[in-house]
Amino acid sequence: MIPVIYRELCPQCKGDLSWDEIENNFCKKTGKRLNLTHEEEIYSEFEEFFENIFKSKPRAIQRMWARRILSGDSFAAIAPTGIGKTSFGIVMSIFLSTKGKRSYLLFPTTIVLKEVVKKLQDLGCRDLAFYYTGLKEKDKILERVENGEFKVLVTTTAFLSKNFALVKNKSFDFIFVDDIDALLKRSRNLNKILEILNKNGVLMVSTATGTKGYNTRILREKLGFDVGNMRNAVRNIEDIFSSKDLLMDILNRMGPGALIFAPTQEEAKEVAEIIGDRAGVVIEEDKKAYEKFSEGELDYLVGVSTPYGSLIRGIDMPKRIRYVIFYGIPRFKLNTENIDKLSDKFLMTLSYILKDKVLDELLNKRDIEGIRNRIKEILKTNKEIKGE
């Protein structure tokens, strides 16, 4: 066979490409596969980087997220708590920093932020800047942020809203928003995110619940993706029901490491008093108990069972948390403001539950606006439903 050489057509070294190299799918100069794309090469580096940190390969869903980010695609990561969204965002930001790229990680609460900062520091993240209320030497930190002396920036979404001038002229290659639900409540914050995102940068938004609404349309129109709805997943857990009177018996049998959720703040405080010194309450105005639990000073944490409670969003302590107890039945809290945001399907379901004659007539007519207004009237006047 006559030898063939293709001048300067090797996809790896850009030099001459021989027939022998083509048959073996191998570049002799670089030692790389001919069909190895730049994106695939970068991804292989990330997977090796991830494995060196966690001593295991990334999950299938994390591999998919990595490929999308390294290909320049913005997207929403919709998955239940514990799948590894936050850990992935942390590792990706460190990996990109080794490539000279800048990342911004945003979190809804100071509790989660502190936990993330500790992980970044433990993993040896360099050029890290972070800010939260109560931080020592905050003026120096703010000066570093303003001067762009960092590769990874970590703050709360509230910081972005109040201190946007400090980051306004910065350009980020990767922005990770943990709990997009909190961000979408204000379109101004979302527009600020888009303003500081590099032209070819990637926005990854994380949510355990999924959400819809006007502000999600901004993401679809600007970046080409939608937040969508929550997806269910199978978890290796056991659901057990028992009387509230057996709480202490359950805790004594199961041992330390429990999160206990009560319907209201008042009940959460009552539960903590029942348990005694081993338990702490995590509510908005007092988060010290969380840190004590993390350090092993407390055995139990008690919080409120709401979708946006401080003890629910973004907690990541697999070594400390062993099981969860709901003290009382978890329930939705609705008011007239919430009603305007409910879907038609949810309104109809709620109408069946309320068992109101006027609602029954409106249901037969499929009068959605009538149903919405009638439910508002019921919530305003019915003391039993209002919990009075």
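Residues numbered from 1 in each chain as written. Predicted model: local features only at pLDDT ≥ 70, side-chain atom pairs only at ≥ 80, totals over all residues. Heavy atoms only, no water.

*Asks:* Can you walk me through the confidence of the model for the protein in this structure?
*Replies:* Regions with low pLDDT should not have their predicted coordinates read in detail. Per-residue confidence for the protein gives a mean pLDDT of 83, with 83% of residues at or over 70. Residue range residues 230-234 is modelled with pLDDT below 50. Its contacts to residues more than four positions away, or to other chains, number seven contacts. (pLDDT = per-residue confidence, 0-100. Contact = heavy atoms within 4.5 Å.)

*Asks:* What is the right way to read the pattern of salt bridges from this model?
*Replies:* Between side chains of opposite charge, a pair can form as their charged atoms come close. On inspection of all chains with the given rule, the structure shows 13 salt bridges. Between lysine 32 and glutamate 41 there is a salt bridge, and its shortest N-O distance comes to 2.5 Å. We classify lysine 32 as partly exposed; its relative accessible area is 27%. Between lysine 99 and glutamate 45 there is a salt bridge; the shortest N-O distance is 2.4 Å. (Salt bridge = Lys/Arg side-chain N within 4 Å of Asp/Glu carboxyl O. Buried < 20%, exposed > 50% of the residue type's maximum accessible area, 1.4 Å probe, protein only.)

*Asks:* Any chance you could explain the state of the cysteines here in plain terms?
*Replies:* Among covalent bonds in proteins, the disulfide is the one between the sulfur atoms of two cysteines. Going through the model one piece at a time under the given rule, you end up with zero disulfides. Of all cysteine sulfurs, the one in cysteine 13 lies closest to cysteine 10, which takes part in no disulfide; the gap is 3.6 Å. By relative accessible area, cysteine 10 is classed as buried at 2%. (Disulfide = S-S within 2.5 Å.)

*Asks:* Just to check I follow, could you spell out helix α4 (residues 85-97) for this structure?
*Replies:* In an α-helix, one full turn covers 3.6 residues, which means residues spaced three or four apart are oriented alike. Between its terminal C-alpha atoms α4 stretches 19 Å, which fits the 18 Å expected from 13 residues at 1.5 Å a residue. Of all 13 residues making up α4, 13 are buried, and the element is well covered by its neighbours. (Helix = DSSP H or I, 4+ residues; strand = E, 2+ residues; numbered from the N terminus. Expected span 1.5 Å × (residues − 1).)

*Asks:* Hey, could you run me through the sheet that holds strand β12 (residues 323-326) in this one?
*Replies:* Think of a sheet as strands paired side by side through backbone hydrogen bonds, with each pair either parallel or antiparallel. In spatial order, the strands read β10-β11-β9-β12; together these four strands make up an open sheet with parallel pairing. Looking at strand neighbours, the two that pair on one side only are β10 (279-281) and β12, the edges of this open sheet. Averaged over neighbouring strand pairs, the angle between their axes works out to 25° when direction is ignored. Inspection of the sheet shows strand β9 (residues 258-262) paired to β12 by four bridges, in the parallel sense. Opposite phenylalanine 261, over in β12, you have phenylalanine 326 as the bridge partner. Here helix α12 (residues 247-254) sits on the sheet in contact with β9, β11 (300-304) and β12, set at roughly 180° to β12. (Pairing = 2+ DSSP bridges. Axes fitted to C-alpha atoms, helices over the stretch in contact; angles between N-to-C directions.)

*Asks:* What should I look at first to understand the environment of arginine 67 in this one?
*Replies:* Along the polypeptide, arginine 67 turns up in helix α3 (residues 60-70). For arginine 67 and glutamate 40, which are 27 residues apart along the polypeptide, the C-alpha to C-alpha distance reads 8.1 Å. Ignoring anything within four residues of it in the chain, the contact list for arginine 67 reads Glu40 and Tyr43. Engagement of the side chain of arginine 67 in a polar contact is seen with the side chain of glutamate 40, the distance being 2.9 Å. (Polar contact = N/O pair within 3.5 Å; in protein donor to acceptor, adjacent residues only side chain to side chain.)

*Asks:* Would you mind showing me how to read helix α13 (residues 265-275) here?
*Replies:* Turning to α13, its buried residues are Glu267, Ala268, Val271, Ala272 and Ile275. Viewed along the axis of α13, the buried residues span an arc of 145°, placing them on a single side of the element. Opposite its buried face, α13 presents the exposed residues Glu266 and Glu273, each directed more than 90 degrees away. The first or second residue beyond α13 is glycine 276, which carries a positive phi of 100°. (Arc of directions from axis to C-beta.)

*Asks:* Is there a simple way to think about the side chain of serine 103 in this case?
*Replies:* Residue position: serine 103 is located in strand β4 (residues 103-107). Sequence-distant contacts of serine 103, defined by excluding residues within four places in its chain, comprise Ser93, Leu96, Lys151, Val152, Leu153, Phe172 and Phe174.

*Asks:* What is the right way to look at the environment of lysine 57 in this model?
*Replies:* Of note, lysine 57 is situated in the loop between α2 (38-54) and α3. The spacing of lysine 57 and glutamate 47 is ten residues in sequence and 6.8 Å in space, taken between C-alpha atoms. A distance of 3.5 Å separates polar atoms of two side chains, one belonging to lysine 57 and the other to glutamate 47.

*Asks:* For this particular structure, what's the right way to read the packing of aromatic side chains?
*Replies:* We describe a pair of aromatic rings using the distance from one ring centre to the other and the angle between the two ring planes. Summed over all chains, the structure comprises twelve aromatic pairs. Here the aromatic rings of phenylalanine 150 and phenylalanine 172 are separated by 6.1 Å at their centres, their planes lie at 20°, and the arrangement is stacked. Here phenylalanine 150 is found in the loop between α6 (138-147) and β6 (152-156), whereas its partner phenylalanine 172 is found in strand β7 (residues 172-178), with 22 residues between them in sequence. You can call phenylalanine 172 buried: its relative accessible area is 0%. Counting every residue linked through ring pairs, the aromatic cluster contains Phe46, Phe49, Phe50, Phe54, Trp65, Phe88 and Phe95. (Phe/Tyr/Trp six-rings, centres within 6.5 Å; stacked < 30°, edge-to-face > 60°.)

*Asks:* What exactly am I supposed to notice about the pairing of β6 here?
*Replies:* Within a regular strand, the side chains alternate between the two sheet faces. For β6, a buried count of five out of five residues is recorded, marking the element as mostly surrounded by other parts of the structure. The alternating pattern of β6 places Val152, Val154 and Thr156 and Leu153 and Thr155 on opposite faces, both of which are buried. Sheet topology places β4 next to β6; five bridges connect them, and they run parallel. Directly across from serine 103, in β6, lies its bridge partner valine 152. Examined bridge by bridge, strand β5 (residues 128-130) and β6 share three bridges and lie parallel to one another. Across the sheet, the residue bridging to alanine 129 is leucine 153, located in β6. Running through α6, the crossover from β5 to the neighbouring parallel element β6 is right-handed. (Right-handed = clockwise from strand over helix to strand, strands pointing away.)

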